[in-house]
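Structure at a glance
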Amino acid sequence: MSLSPEVLLNAVTRSICISKLKELPIFLSKEVTYKTKASVLVPLCIENDQVCLLYTLRSSNLSNHSGQVSFPGGKMDKNEDVYETALRETEEEIGISREHIDIWSKMPQVQGRDRNIAITPVIGLLRNYHRDNLRPNLGEVEEIFTVPMKTFCDVNNHAHLEYDGIIIPVFLNEKHKIWGITGMITHLFLSCFLPEKLYNVNFMRRKFTLDELMPSKL
């Protein structure tokens with residue numbers, strides 16, 4: 001099986017992926033009233049002829065989740081839907097406007113780490129992606145990088161964090177570690193997007209502690 005753009009991004013594969021996304025469970029606690037709603041874009045793109053996911057490294061100057069890997073996104077404004085929030089935040093954070101994003105679908109909501117925020121991931125393909133077109137908001141974004149599908153399929157890049165009795169996926173990509181809610185969303189999406197024979201995970205092969213994953217402060 002191939003990981004080429006022609007295979008992974010064709011109409012049939014897209015339709016199958018969207019159907020699987022709709023079957024995912026909602027990862028919210030029935031015992032919690034979520035005061036805040038947010039949305040993130042899970043951005044697919046093609047770089048160096050490979051299908052990739054795009055991530056941001058949050059600025060070390062931010063008060064929340066500083067120095068951590070994330071997807072573009074944020075809290076919903078009044079009268080916005082999840083798609084509008086994801087598109088607005090993506091343009092604000094990395095400079096890609098909505099007309100260059102092909103929205104596929106949304107994923108079921110997941111609970112944020114602080115337990116009072118419900119996050120809806122939105123899947124979108126960045127059309128005609130080129131790194132030179134990125135315009136990072138330096139107040140929020142320290143770095144923008146992409147991870148090819150072959151990296152996610154390599155079990156040597158799989159690990160986990162156990163947090164409150166829950167096993168959370170960790171993906172290794174050169175100097176970056178993708179974990180937390182971002183790691184969970186990544187895994188849930190890839191389990192719907194990639195062929196099972198290629199995305200055969202082994203997160204238990206290595207364990208990280210929270211201290212090992214949290215960015216150090218100078």
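Above this text is the structure in question.
Below is a short write-up of the structure.

Parameters at a glance
Residues numbered from 1 in each chain as written. Predicted model: local features only at pLDDT ≥ 70, side-chain atom pairs only at ≥ 80, totals over all residues. Heavy atoms only, no water. Axes fitted to C-alpha atoms, helices over the stretch in contact; angles between N-to-C directions. Helix = DSSP H or I, 4+ residues; strand = E, 2+ residues; numbered from the N terminus. Parallel < 35°, antiparallel > 145°, perpendicular 65-115°, else oblique. Left-handed = near helix turned anticlockwise from the far one by under 90°. Contact = heavy atoms within 4.5 Å. Expected span 1.5 Å × (residues − 1). Buried < 20%, exposed > 50% of the residue type's maximum accessible area, 1.4 Å probe, protein only. Polar contact = N/O pair within 3.5 Å; in protein donor to acceptor, adjacent residues only side chain to side chain.

1. A word on the packing of helix 2 (residues 11-22) against helix 5 (residues 180-193)
- Running from N to C, helix 2 and helix 5 cross one another at 130 degrees; their axes reach a closest spacing of 8 Å. Relative to helix 5, the element helix 2 lies oblique. You can see that helix 2 and helix 5 cross each other, and the crossing is right-handed. In this structure, helix 2 uses T13, C17, K20 and L21 to contact helix 5, whose residues at the interface are F189, C192 and F193.

2. Some points on helix 3 (residues 82-94)
- If you check helix 3, its first and last C-alpha atoms are 18 Å apart, about what 13 residues at 1.5 Å a residue would give, namely 18 Å.
- Every buried residue belonging to helix 3 is among V82, T85, A86, L87, R88, E89, T90, E93 and I94, and all of these are buried.
- Its buried side turned inward, helix 3 meets strand 1 (36-47), strand 2 (50-58), strand 4 (73-75), strand 5 (101-106), strand 7 (117-126) and strand 8 (141-148).
- The residue sitting at the N-terminus of helix 3 and contributing the capping side-chain oxygen is D81; that oxygen lies 3.0 Å from the backbone nitrogen of Y83.
- Looking at the residues trailing helix 3, positive phi occurs at G95, about 80 degrees.

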